[in-house]
Amino acid sequence: AQWLYLIGYIGTASVLTTVLRDNVISQLGFTFAAQYPSIFNAFVIAFFLGLNLLSIELISRVQGLFTIIKMLPLIFVALVFWGYWDSGIVYHVSDIYNLRLVAPAAMFAFFGFEACCSLGQFLQGGTRQVGSVILAAFFIAVSLYTAFHFGLIHIMGVAGLSQDGAIAFPEFMGLSPVFTALLAVGITGSILLSFCNTIFGVLLTTITGLF
């Protein structure tokens, strides 16, 4: 089971590095990554392996900072979308049935809570707190992402969200061109940082598994 886990996480790190490279090319225009993908991949993996040689206390601080930064766009939209409430958008109760179509993706997105269980003995109160910690984290994450996506629908409209994607929401807020550009840069940085944060954590899990 541990070997299968190890192989799975190595595959995850590899795929995320490829996704990061594609985003660096498309969002930042970094052509070197397109011309020399192997060198870029090797550098990314080596960089995060090097970071994982630091003390676990420092790693936890870096990961915590990365997590806060990547959540800022979600929190921003959740706080401001009430000012963009579109009364023309109608939610039908019958559409709740379609939630079953996103259940597999949601379950996959939240895989990783088993890491909380493996660290349960370090929680204040011991392993008895594992269940409440996982449920609290799950509830907070789901609530934040739900508010974020409802906000996107009201800010961009369904058609705008479908056509341009979530990353384009600053263009629909009617802000000044300068602030819109700054917000777009921040969102792009948060997305790239999210990939980096995940690669960092996955490689840490891989190293822990090896040991």
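Bear in mind the structure is a predicted one, so any value in this text is a computation, not a measurement.

Remarks on the overall build of the protein chain
Consideration 1: A count of helical and extended segments in the protein chain gives eight helices and zero strands.
Consideration 2: Each of the 211 residues in the protein chain was classed as buried or not, and the buried ones make up 28%.
Consideration 3: Considering only intrachain contacts with a sequence separation of at least 6, the fraction spanning at least 24 residues in the protein chain is 67%.
Consideration 4: Split by element, the accessible area of the protein chain, about 13600 Å² in all, is 72% carbon and sulfur.

Description of a nonpolar patch on the surface
Consideration 1: On the surface, Leu65, Ile68, Ile69, Leu72, Ile75 and Leu79 cluster together to form a nonpolar patch covering roughly 560 Å² of accessible area.
Consideration 2: With respect to the secondary-structure elements, Leu72 resides in helix H4 (residues 56-80).

Let's talk about the nonpolar core
Consideration 1: Leu20, Val24, Phe40, Val44, Phe48, Ile199 and Leu203 are the most contacted members of the largest nonpolar core, which has 17 residues in total.
Consideration 2: Elements with a minimum of two residues in this core: helix H1 (2-28), helix H3 (37-51) and helix H8 (177-210).
Consideration 3: Per-element tally for this core: the top contributor is H8, with seven residues.
Consideration 4: Discounting residues that sit within four places of it in the chain, Leu20 has contacts with Val44, Leu192, Phe195, Cys196 and Ile199.
Consideration 5: One finds Leu74, Val77, Ala168 and Ile187 within the second-largest nonpolar core, a separate group that totals 14 residues.

The rules behind each value
Residues numbered from 1 in each chain as written. Predicted model: local features only at pLDDT ≥ 70, side-chain atom pairs only at ≥ 80, totals over all residues. Heavy atoms only, no water. Helix = DSSP H or I, 4+ residues; strand = E, 2+ residues; numbered from the N terminus. Buried < 20%, exposed > 50% of the residue type's maximum accessible area, 1.4 Å probe, protein only. Contact = heavy atoms within 4.5 Å. Areas by Shrake-Rupley, 256 points an atom, 1.4 Å probe, with all protein chains shown as cover. Patch = residues over 30% accessible without salt bridge, like charges linked within 9 Å, V, L, I, M, F, W, Y side chains within 5 Å. Salt bridge = Lys/Arg side-chain N within 4 Å of Asp/Glu carboxyl O. Core = buried A, V, L, I, M, F, W, Y, C linked by side-chain atoms within 4.5 Å.

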